[in-house]
Amino acid sequence: MAREKIVGLIEDALGRAVSEGLLSPVEAGTIELERPKRREHGDWSTNLALDVAGRLDMNPREVAVIIAGLIAEDPDVVSKVEVAGPGFINFHLSLAFIRNVLFEIEERGLEFGSSDAGGGQQVQVEFVSANPVGPLHVGHGRWAALGDALSSVMSHAGFLVEREFYVNDYGTQLRNFGRSISARYLELLGRGGEFPGGGYVGEYIKDIARRIVDECGDEFLDLPEEERVDTFIDMEYPRMLESIRDTLEGMGVVFDVWFSERGLYSRGEVEEAISALERDGKAYREGGALWLRTTEYGDEKDRVLVRSSGEPTYFASDIAYHHDKMDRGFDKVIDIWGADHHGYVTRMKAAMEAMGYGREALEVILGQLVKLFRSGRPVAMSKRTGEIVTLDELLEEVGADGARYFFLQRSHDSPLDFDIELAKQESPENPVYYVQYAHARISSILRYAREAKADLSEALPEDLVLLEAEAEMDLLRKLGELEEVVEFCALRRVPHRLTGYAEELATLFHAFYRDCRVVTDDERLMRARVFLVHGVRQVLRIVLGLIGVSAPEQM
RNA sequence: GCGCCCGUAGCUCAAUUGGACAGAGCGUCCGGCUACGGACCGGGAGGUUCGGGGUUCGAGUCCCUGCGGGCGUGCCA
């Protein structure tokens, strides 16, 4: 990769400057190399001289000139080195080096852009984890798109990633679910009473109750309420979970592990985790409850693990859950939570520390919510009345590709305005189609090229010399950025930045298409350009694959 | 009240963690199809980066302060 080579050149030059007595010995630290914003500033740039000048008590520009003058010429990699601005040293890559990316793409196929930046670290990404008490809403869709793309991009960057869905099949929410069904069931059979507080008022509960009546009649009518609730929970939550799984698969999100909260209890892990904390003096009894000393790890108050009723809190089972995760050997666990769980982060990290794991072993990504719009007007939604747009409805209307792309367009920490009409539109205002169109257009060109010219033997390095137009070089440079983009998205946990890269690449391709004809009478040039667009298509496939959006050959 | 996050073009967002003239998309205005897909392309206008101080070679980015917004602050999950 260009980066390492250039860093090497700089280190050598700095060493020589010192040994030749041009500069006093100076601690340079890691050499920072960055992509300048402006093209005139070259392909890579370092602020090394600005950084060390202060410590050398010299003018930064002077330092830059000395170092730049000692940088070894390497025409296979760097064509020009210059000092600019306050003391930046800018590097221009040689055209030959830039073109070589095409051979690398050819060689590595779908692996192109991957690296070992993650060093094989084992990472678990847990996301969605919706209570199986109702259909997924659009917010879940966003976490799904985010978690899945993050997992993909981290895998590509050399992490070993597992996707996990935590099933809250225990506790209050599930009871509320059962009670709600029970209430509707009784209602249908003419014994309606008061609807339970905290119950789910959505229409789907009535549908479930109706189905139970259709299938089983009044079989459960005379059971004691709690028994009926239990029965309904056991009957219905697996079905609900199944339909959640279907919805997610419908948008191409597949989990490696579905982890049950009930299992934690049945294996005694919750109790174990609690008593271990108590044994280690991390928890204490007060007022009949058991408290975890989270204040020792930065929390503002201690938190209850076991209520005075003897019942463990959700926090307790979450601790057991995270203990279990760490026990499975992950180096790092990433949880994606809705922004409303914001206040929970500190205490969970405190719990990690109390258990003896570093607080950085747990990383929490808070996802902001999704506001739905239709042609610029907000879509009314009310949790209270159960009037929500489900993820299924959204996928039905805009399609999985459009939905995933839109969910991923913005940073997870800013609220997303999702315009349904725009996501549906098959027009240039819709970036999904813009990128997919580039892929389809290339496919079409390649089909045409094959028909028009029977013999399209592989391009050779001497053919590639013909690639020199500005549009061609811009495209090649962009292809060469994939690996660092993937690394950046993975290490900074910003999968949404992949969409920006995809759009930039598509834009450069469309500009190239305008300026350069691929299929021409000049056979060498044609071979070179076919090779180029083939590489562009491959990279589009890789990026769309990471995002989880299809790459159609025709549209 | 206290804690965390945020405030960048008319709108939605970027800005390589302190770097060079703050960039894209949408919208708007002007222009471009006799050859590989016009679902495309080129160009213009649009900014005191919420206000005020500070730190330094250099601030949208860091510190202080004011204003405006979001979220959190349960023996709920």
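To be clear, the structure that these remarks concern was listed above.
Conventions used here
- Residues numbered from 1 in each chain as written.
- Chains lettered and ligands numbered in written order.
- Predicted model: local features only at pLDDT ≥ 70, side-chain atom pairs only at ≥ 80, totals over all residues.
- Heavy atoms only, no water.
- Phe/Tyr/Trp six-rings, centres within 6.5 Å; stacked < 30°, edge-to-face > 60°.
- Helix = DSSP H or I, 4+ residues; strand = E, 2+ residues; numbered from the N terminus.
- Buried < 20%, exposed > 50% of the residue type's maximum accessible area, 1.4 Å probe, protein only.
- Expected span 1.5 Å × (residues − 1).
- 1 Å grid on protein atoms, 1.4 Å probe; cavity = no way out; pocket = protein on both sides within 12 Å on 5 of 7 lines; lining within 4 Å.
- Points joined across faces, edges and corners; volume = space filled by probe spheres on them.
- Nonpolar A, V, L, I, M, F, W, Y, C, P; charged D, E, K, R; others polar.
- Salt bridge = Lys/Arg side-chain N within 4 Å of Asp/Glu carboxyl O.

Novice: What exactly am I supposed to notice about the packing of aromatic side chains here?
Specialist: Where two aromatic rings form a pair, the distance of their centres and the angle of their planes describe that pair. Overall, the coordinates contain 17 aromatic pairs when judged by the stated rule. Relative to Tyr-265, the ring of Tyr-170 lies with its centre 3.7 Å away and its plane at 10°, an arrangement referred to as stacked. In this pair, Tyr-170 is assigned in the loop between strand S6 (160-167) and helix H7 (172-188) and Tyr-265 in helix H10 (residues 261-266), connecting sequence segments 95 residues apart. For Tyr-170, a relative accessible area of 39% gives the class partly exposed. By relative accessible area, Tyr-265 is classed as buried at 19%. Both rings, one in Phe-220 and one in Phe-232, keep their centres 5.3 Å apart while their planes meet at 85°; by these two values the pair is edge-to-face. With Phe-220 in the loop between helix H8 (203-216) and helix H9 (225-250) and Phe-232 in helix H9, the pair connects residues that are 12 residues apart, well separated along the chain. Phe-232 shares its class with Phe-220; the two are buried.

Novice: I'm lost on helix H6 (residues 138-156) in this one. Help?
Specialist: Three- or four-residue spacings in an α-helix give side chains the same orientation, since the helix completes a turn every 3.6 residues. With 19 residues, H6 should cover 27 Å at 1.5 Å per step; its first-to-last C-alpha distance of 27 Å lies within 8% of that length. Across the 19 residues that make up H6, a large majority, 18, are buried. After H6 finishes, the residue Gly-158 shows a positive phi value of roughly 90°.

Novice: Can you help me understand the layout of surface pockets in this one?
Specialist: Over the atoms, a rolling probe the size of a water molecule traces out where space has been left empty. The computed volume of the second largest pocket comes to approximately 720 Å³. Lining the second largest pocket are 25 residues, and of these Arg-35, Lys-478, Glu-481, Glu-484 and Val-485 lie nearest its centre. Where the lining of the second largest pocket is concerned, the elements lending two or more residues are strand S1 (33-34), helix H18 (470-479), helix H19 (482-491) and helix H20 (497-515). For the lining of the second largest pocket, the leading source of residues is H20, giving 5 residues. Of the residues contributing to the lining of the second largest pocket, the split by class is 8 nonpolar, 2 polar and 15 charged.

Novice: Honestly, the pattern of salt bridges in this entry has me stumped. Any pointers?
Specialist: Oppositely charged side chains are able to pair whenever their charged atoms sit close together. One pass over the full model with this rule turns up 40 salt bridges. The salt bridge involving Arg-39 is made with Asp-474; its shortest N-O contact spans 2.6 Å. Of the two residues, Arg-39 is situated in the loop between S1 and strand S2 (44-46) and Asp-474 in helix H18; the sequence distance between them amounts to 435 residues. Classification of Arg-39 as partly exposed rests on a relative accessible area of 42%. The salt bridge involving Glu-553 is made with Arg-541; its shortest N-O contact spans 2.9 Å. On the criterion of sequence distance, the pair formed by Glu-553 in the segment after helix H21 (523-547) and Arg-541 in helix H21 is long-range, its members being 12 residues apart. Residue class for Arg-541 comes out partly exposed when judged on its relative accessible area of 29%. Beyond isolated ion pairs, a larger network of salt bridges with shared partners links Glu-126, Lys-325 and Asp-335.

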